[in-house]
Amino acid sequence: MTSGALPANPFVAAGMIEDPRLFVGRKDELHAIASRMKGDQPTSINIVGEKHIGKSSLLRHFVLTWQQRVLNNSSNYVVIYLPLRGVDCQTETGFYEAVAEGLLSHVQGWQQRSLQNCWKTKPLNRQAFSDAVKQWKQQGKLPVLCLDDFESLLKYPDKFDNGFYDNLRSLMDSNALMLVVASRKQLDVYANEHRFVSSFFNIGHTISLKELTTDEAIELSRLPTRSTNGAALSVDEQNHAQQWGDRHPYKLQLAGYYLWEARQQGKDKKWAKQQFEQQVAHPKFKAKGQRWQLWLHWLVWDLPVRLGRIAKFIGGAVDDVSNWIIGMVILLLLVLVLVGVLHWNEVWDFVRDKLGIK
């Protein structure tokens, strides 16, 4: 930092957190990944969470700090972060080459010669990749691939088919490969949606990434700048950040970011709040919150009513049709509550709205 320059904003309003010093929380999740990596039989993991909940930052932080969590036999592992949304991962061979490049870039110089030869096969196809991973196992090396944005592979079902996933599963089952896969939905859900039959999608362990704890949220609001040890925000600004962002990691980062910028630019908290609310009101946030409501409306209201009209058309009695619609709505609501999709309060609010009850 040049003399007289202002310290950088420590809050990340977009993208993943690259600086380990600015990463907060997720201790249980990080411990779970490390413990499953160190086991006699490494267990692959699916990190599941909504957009902006911190999946990418978690994977990146683990890659940067895993050696602190695996003190014994750390030389047995090579851990890499691979964003699947990159152009290199739009074909199967591209994926293998990206993995090979990432792994070899993390191998110590004196080990490189004995470990790199097996990756020189051209083209690096499915068989060559499998052979290389198995050779690494024979030399006591476990590749741990932290794969981000798994949905990107689903855009190319002709490139990444059941055979591709079966091969990865075979390597996982033989303890030659470990995956930590970040996705918005559980992998078995994607298998059903895209009609995959590979056992890859029944991955060993799932970790659901939720909001931060209250203590973690407080800690995040107290982030220091990169050049000082003290908190970047004043106590009053910290309180505002916690109120606006609650315990959601991205919203907390966003609140902190604009509160910091407001002070640097000589603006007031009202300006910061407006900037924060504009970002939160963006469709990327509202879409998820409203999606279940639209889906619920169609499922328990529009669909039964339309089916009821069909029944009337083919001769069903009006009373029978009305009773059937009401029964369908009640039954579907009960099912949605029992499976955990909805809470009773949401159901009651929905019913009151439809019936006009104040």
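**Topic: the overall build of the protein**
Looking only at helices and strands, the protein has 15 helices and 5 strands in total. Within the protein, buried positions represent 43% of all 358 residues. Summarising the internal contacts of the protein: among those between residues at least 6 apart in sequence, 72% fall at separations of at least 24. Carbon together with sulfur atoms contributes 50% to the accessible area of the protein, which is approximately 19,500 Å² in total.

**Structural notes on the side chain of Ser57**
Tracing the sequence through the fold places Ser57 in helix H2 (residues 55–69). Other than its neighbours up to four places away in sequence, Ser57 contacts Met16, Ile17 and Phe23.

**As for the packing of helix H10 (residues 235–245) against helix H11 (residues 249–264)**
At a closest axis distance of 8 Å, the pairing of H10 and H11 adopts a crossing angle of 145°. In this structure, H10 meets H11 at a crossing whose hand is right-handed. In this structure, H10 contributes Glu237, His240, Ala241, Gln242, Trp244 and Gly245 to the contact, and H11 contributes Lys251, Leu252, Ala255, Gly256, Leu259 and Arg263. Its residues assigned to classes, the contact of H10 with H11 shows 5 nonpolar, 4 polar and 3 charged.

**Describing the pattern of salt bridges**
Under the criterion given, the structure shown has 12 salt bridges. A salt bridge links Arg85 to Asp149; the nearest nitrogen and oxygen atoms lie 4.0 Å apart. Of this pair, Arg85 sits in the loop between strand E2 (77–83) and helix H3 (92–105) while Asp149 sits in the loop between strand E3 (142–148) and helix H6 (151–154); the two residues are 64 residues apart in sequence, bridging distant segments of the chain. The shortest N-O distance in the salt bridge between Glu211 and Arg247 comes to 3.8 Å. You can see Glu211 sitting in the loop between strand E5 (205–208) and helix H9 (214–221) and its partner Arg247 sitting in the loop between H10 and H11, a full 36 residues away along the chain. One network of salt bridges, in which partners are shared, links Arg85, Asp148 and Asp149.

**As for the sheet that holds strand E4 (residues 178–183)**
Across the sheet, 5 strands lie side by side as E2-E3-E4-E1-E5; this open sheet has parallel pairing. Two strands close off the open sheet at either side, each with one partner strand: E2 and E5. Between one strand axis and the next, the sheet turns through 15° on average, direction left out of account. Inspection of the sheet shows E3 paired to E4 by 4 bridges, in the parallel sense. The partner of Leu145 across the bridge, within E4, is Leu179. Lying over the sheet, H2 contacts strand E1 (45–48), E2, E3 and E4, oriented at roughly 155° with respect to E2.

**A look at the side chain of Glu216**
Counting through the fold element by element, Glu216 comes out in helix H9. Notably, Glu216 is buried but unbridged: the nearest opposite-charge side chain belongs to Arg26, and the N-O separation is 5.2 Å. Among the polar contacts listed, one links the side chain of Glu216 to the backbone nitrogen of Thr213, at a separation of 3.0 Å. Glu216 has contacts with Val24, Gly25, Arg26 and Lys27, leaving out every residue within four places of it along the chain.

**What about the packing of aromatic side chains?**
For the coordinates displayed, the defined rule picks out 21 aromatic pairs. Plain terms: the ring middles of Phe150 and Phe200 are 6.2 Å apart, the flat faces sit at 25° to each other, and that makes the pair stacked. Of this pair, Phe150 sits in the loop between E3 and H6 while Phe200 sits in the loop between helix H8 (187–194) and E5, and the two are 50 residues apart along the sequence. Residue Phe150 is classed as buried on the basis of its relative accessible area, which comes to 1%.

Criteria and cut-off values
- Residues numbered from 1 in each chain as written.
- Predicted model: local features only at pLDDT ≥ 70, side-chain atom pairs only at ≥ 80, totals over all residues.
- Heavy atoms only, no water.
- Helix = DSSP H or I, 4+ residues; strand = E, 2+ residues; numbered from the N terminus.
- Buried < 20%, exposed > 50% of the residue type's maximum accessible area, 1.4 Å probe, protein only.
- Contact = heavy atoms within 4.5 Å.
- Areas by Shrake-Rupley, 256 points an atom, 1.4 Å probe, with all protein chains shown as cover.
- Axes fitted to C-alpha atoms, helices over the stretch in contact; angles between N-to-C directions.
- Left-handed = near helix turned anticlockwise from the far one by under 90°.
- Nonpolar A, V, L, I, M, F, W, Y, C, P; charged D, E, K, R; others polar.
- Salt bridge = Lys/Arg side-chain N within 4 Å of Asp/Glu carboxyl O.
- Pairing = 2+ DSSP bridges.
- Lys, Arg positive; Asp, Glu negative; His and termini not counted.
- Polar contact = N/O pair within 3.5 Å; in protein donor to acceptor, adjacent residues only side chain to side chain.
- Phe/Tyr/Trp six-rings, centres within 6.5 Å; stacked < 30°, edge-to-face > 60°.

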